[in-house]
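Structural characterization, general
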Amino acid sequence: QPTSNTMTFATACFGGELKLWNGDTGRCLAEVQAHTQRVSGMSSCPRRNLILTCASDQPAVVWKYREVKNEQSMESDDQKPINLVCAAKLLSSQGTIFSDICLHPDLDLVAVSCSQ
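Here the structure is a predicted model, which means the values were calculated and not measured. (Residues numbered from 1 in each chain as written. Predicted model: local features only at pLDDT ≥ 70, side-chain atom pairs only at ≥ 80, totals over all residues. Heavy atoms only, no water.)

For strand β1 (residues 8–12) and strand β2 (residues 17–22), the ladder comprises five bridges, and the chain directions are antiparallel. Residue pairing in the sheet places Thr-11 in a bridge with Lys-19 of β2. (Pairing = 2+ DSSP bridges. Helix = DSSP H or I, 4+ residues; strand = E, 2+ residues; numbered from the N terminus.)

So, in structure tokens, the structure goes:
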């Protein structure tokens, strides 16, 4: 989890990008091309350092994030202080498209809604 005194939030957009931001400074902490199409749903569990996203390109994706400890790698503005990596992909059956996703904060339970 990013530093405990810092407000951190996530955004996802029409271009399929997922970004983590420092709410105090406005600096982008991490970014990844999460999907090839518009992100339609996003959920997070800060206690477990997880973000889930879904889009019409299938599958829903579980993202794991952690702070980068090597300060020397932070010398360039291009370097991000948080690693954001794909931890799992959730596939739908028969080509169903997930339109929204929600992660229960205490249980290993994911709820999705479908557009088809």
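This part takes up the confidence of the model for the protein chain. Here the protein chain averages 78 in pLDDT, and 77% of its residues register 70 or above. Overall, residues 70–76 carries pLDDT values under 50, and its contacts beyond four positions in sequence, including any with other chains, amount to six contacts. (pLDDT = per-residue confidence, 0-100. Contact = heavy atoms within 4.5 Å.)

Here the focus is the nonpolar core. Of all hydrophobic cores here, the largest spans eleven residues; its members are Leu-18, Leu-20, Leu-29, Ala-30, Ala-34, Ile-51, Val-61, Trp-63, Tyr-65, Ile-82 and Leu-84. If you list the elements that add at least two residues to this core, you get β2, β3 (28–33), β6 (60–67) and β7 (82–90). Top contributing element to this core by residue count: β6, with three residues. By size, the runner-up hydrophobic cluster in this structure holds nine residues, among which are Leu-52, Cys-54, Phe-98 and Ile-101. (Core = buried A, V, L, I, M, F, W, Y, C linked by side-chain atoms within 4.5 Å. Buried < 20%, exposed > 50% of the residue type's maximum accessible area, 1.4 Å probe, protein only.)

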